[in-house]
Amino acid sequence: MTRLDVAPPASEGPIACDGPRSLVIEAREVPLGGVRGMEVHRTLPHRALPMVGAWCFLDRFGPQETLMRVEPHPHIGLQTVTWPIVGEVRHRDAVGSDVVVRPGALNLMTSGAGIAHSEYSVGEGPIPLDALQLWVALPDARRHGSPAFERHEHLPTIDLGDGADAVVVMGELGDVASPATVHTPIVGAELRLPAGVTVRVPLRPEWEYALYGMTGHADAVTGMDAVDADAARRPAPGLEPGSTAAIDDSRLVYVGKGRDHLELLSDGGARVFLLGGEPFEADIVMWWNFVGRSHDEIVEARDAWEARADRFGTVIDHGPERIPAPPLPAVRLTPRRRRD
C-alpha cells in the first residue's frame, strides 16, 4: 500500500522508552495514495517509535464503506503483510500475482530490490472494508534480492487457555511457527480473547513487543506507567499509573523488552494484533514506499520509478496508469533511530 508522508526531521528524535513505562501511540489519520475518500489511520512509524523489531509500518484502512482504487506503485526493502478484517481486495503485482485478499488469509509480498503492485476493492461500487497493512523491513541479506509473493490460507493457532487462542500470522509465538517466509526473528499474531478471562501470552525477554486493537477493548497488565508519545512523556489519558494499558483500535501500546509473558483481559471480548521481534539490525531510512539505509538509495529508487525502469516490473492487467512519486523534501533524509 502506498504512503505519502516523509521521514521526520532529525531534531525530532525518538523518546527513550526502555525504562519502567509503556508507550502509547495514538493513531493519526493520513491520506492514501491519492484516494482521498478512504479513511486510513497510522500508528507506525512514529517519531517516538520508528520500529518494533523489524515491523516498521502499521496502517488501518477502515472500518468504512468505500471504493478502493490504489493504482500501481513501487516498493523496495520491505515485505507487505496484508491482514483483512472485513471485505475483499484484489492484489496484482509485477511477479504475476492476481489474487483476492480475504479475511483469514495472509498475503505476503517481498519487494527485494523492487516490485510494483496495485490494490482494488472487489466490485464496481463501495463495499465494507477494514484491514491492517503492515510492513517488515528486510535485512541486508535479503533486501537486494528478487521480488516474491506468497499466500497462506491455513495458518497455525496456539491455545492460550480459557477459550482464547492466537493465529500466528508471521514468525513464531511460543512453540508455534507460521509457514510464511521471514528474514528476521519476529512475530505477528492475532490474539482472540473471549469475554471475562485473563489470558497469558508467551513472550521472549530479548524481543520487543507492541499491541494494537483490532476489535473490542482489552487491557494489558504491564505493571508500568503509560507514556503518551505525543504529550512530552505525560501519563497517557485514561490510563491509571502502574497497572494496565488500554488497547483498542485508536492506539498502539509498546511494552518493550524483558518479559517472558504478558497478561491480557477483556470484559467484552476482543481481537488484538501482537507485533514483536528481535531489535532490527540497522537504522532505516524510510520515505514514501521505500525502506533503505541512506538518502542516496531512496533518491535512486525514486528516479528509477519515475523513469519506468525495469527494476519494478509491470503489474499484470494494467496499462500506463500508476501513482507518481511525490517530490523529495528539501533536506536530506535521515535514519529513523532505534532506541538504545
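See the structure printed just above.
Quick look at the structure, then. All figures in this text were calculated on a predicted structure; none of them were measured in a lab.

Details of the packing of aromatic side chains
Right, on to step 1. The full count for this structure, using the stated rule, is seven aromatic pairs.
Right, on to step 2. Between F57 and W135, the aromatic rings sit 4.0 Å apart at their centres with planes inclined by 20°, giving stacked as the arrangement. Remark: W135 occurs in strand β11 (residues 127-137) and F57 occurs in strand β4 (residues 55-66); sequence separation between them is 78 residues.
Right, on to step 3. F57 sits in the buried class, given a relative accessible area of 1%.
Right, on to step 4. Ring centres 6.3 Å apart and planes at 15° place the aromatic pair F290 and F312 in the stacked group. Separated by 22 residues along the polypeptide, F290 in strand β26 (residues 290-292) and F312 in the segment after α2 (295-306) bring together distant segments of the chain.

What to know about the environment of F61
Right, on to step 1. In this fold, F61 is placed in strand β4.
Right, on to step 2. F61 gets classed as buried once you look at its relative accessible area, which sits at 2%.
Right, on to step 3. Residues F61 and L132 lie 71 residues apart in sequence; the distance between their C-alpha atoms is 6.7 Å.

Thoughts on the environment of P128
Right, on to step 1. Tracing the backbone through its elements, the reader meets P128 in strand β11.
Right, on to step 2. Of the residues examined, P128 reaches a relative accessible area of 47% and is grouped as partly exposed.

Topic: unusual backbone geometry
Right, on to step 1. Here the residue pair L44 and P45 is connected by a cis peptide bond, since its omega of 0° sits within 30 degrees of zero.
Right, on to step 2. Mapped onto the elements of the fold, P45 is located in the loop between β3 (40-44) and β4.
Right, on to step 3. Each neighbour pair has its own omega, and for G62 with P63 the value is 0°, a cis peptide bond.
Right, on to step 4. Structurally, the position occupied by P63 is in strand β4.
Right, on to step 5. The backbone of D162 shows a phi angle near 55°, a positive value even though the residue is not glycine.
Right, on to step 6. Note on placement: D162 falls in the loop between β13 (157-161) and β14 (164-173).
Right, on to step 7. Even without being glycine, R308 reaches a positive phi, approximately 55°.
Right, on to step 8. Tracing the backbone through its elements, the reader meets R308 in the segment after α2.

Regarding α2
Right, on to step 1. The first and last C-alpha atoms of α2 sit 17 Å apart over 12 residues, in line with the 16 Å expected at 1.5 Å per residue.
Right, on to step 2. Listed as buried for α2 are H295, E297, I298, A301, R302, A304 and W305.
Right, on to step 3. On its buried face, α2 is in contact with β5 (69-75), β10 (115-121), α1 (140-143), β25 (285-287) and β26.
Right, on to step 4. Positive phi appears at R308, one or two residues downstream of α2, with a value of about 55°.

Let's talk about the sheet that holds strand β19 (residues 218-221)
Right, on to step 1. Read across the sheet, four strands follow the order β17-β23-β19-β21 without closing on themselves; strand pairing throughout is antiparallel. At either margin of the open sheet sits one strand with a lone partner, and together these are β17 (197-202) and β21 (244-247). Within this sheet the neighbouring strands show an average axis-to-axis angle of 30°, counted without direction.

Concerning the sheet that holds β5
Right, on to step 1. Taking strand neighbours across the sheet as the criterion, the four strands line up as β5-β10-β7-β8 in an open arrangement whose pairing is antiparallel. Each edge of the open sheet carries a strand with a single partner, namely β5 and β8 (98-101). Between one strand axis and the next, the sheet turns by 20° as a mean value, whatever way the strands run.
Right, on to step 2. Bridge count for strand β7 (residues 89-93) against β10 is five bridges, and the pairing is antiparallel. Paired with D93 across the strands is H117, a residue of β10.

Some thoughts on the pairing of β8
Right, on to step 1. Only one face of β8 is buried, namely the one carrying V99 and V101, since none of D98 and V100 on the opposite face is buried.
Right, on to step 2. Sheet topology note: the β7/β8 ladder contains four bridges and is antiparallel. From the neighbouring strand, H91 faces β8, where its bridge partner is V99.
Right, on to step 3. Linking β7 back to β8 in an antiparallel pair, the connection comprises four residues, with G96 at a positive phi of about 95°.

The rules behind the values
- Residues numbered from 1 in each chain as written.
- Predicted model: local features only at pLDDT ≥ 70, side-chain atom pairs only at ≥ 80, totals over all residues.
- Heavy atoms only, no water.
- Phe/Tyr/Trp six-rings, centres within 6.5 Å; stacked < 30°, edge-to-face > 60°.
- Helix = DSSP H or I, 4+ residues; strand = E, 2+ residues; numbered from the N terminus.
- Buried < 20%, exposed > 50% of the residue type's maximum accessible area, 1.4 Å probe, protein only.
- Expected span 1.5 Å × (residues − 1).
- Contact = heavy atoms within 4.5 Å.
- Pairing = 2+ DSSP bridges.
- Axes fitted to C-alpha atoms, helices over the stretch in contact; angles between N-to-C directions.

Keep in mind these numbers describe shape, not what the thing actually does.
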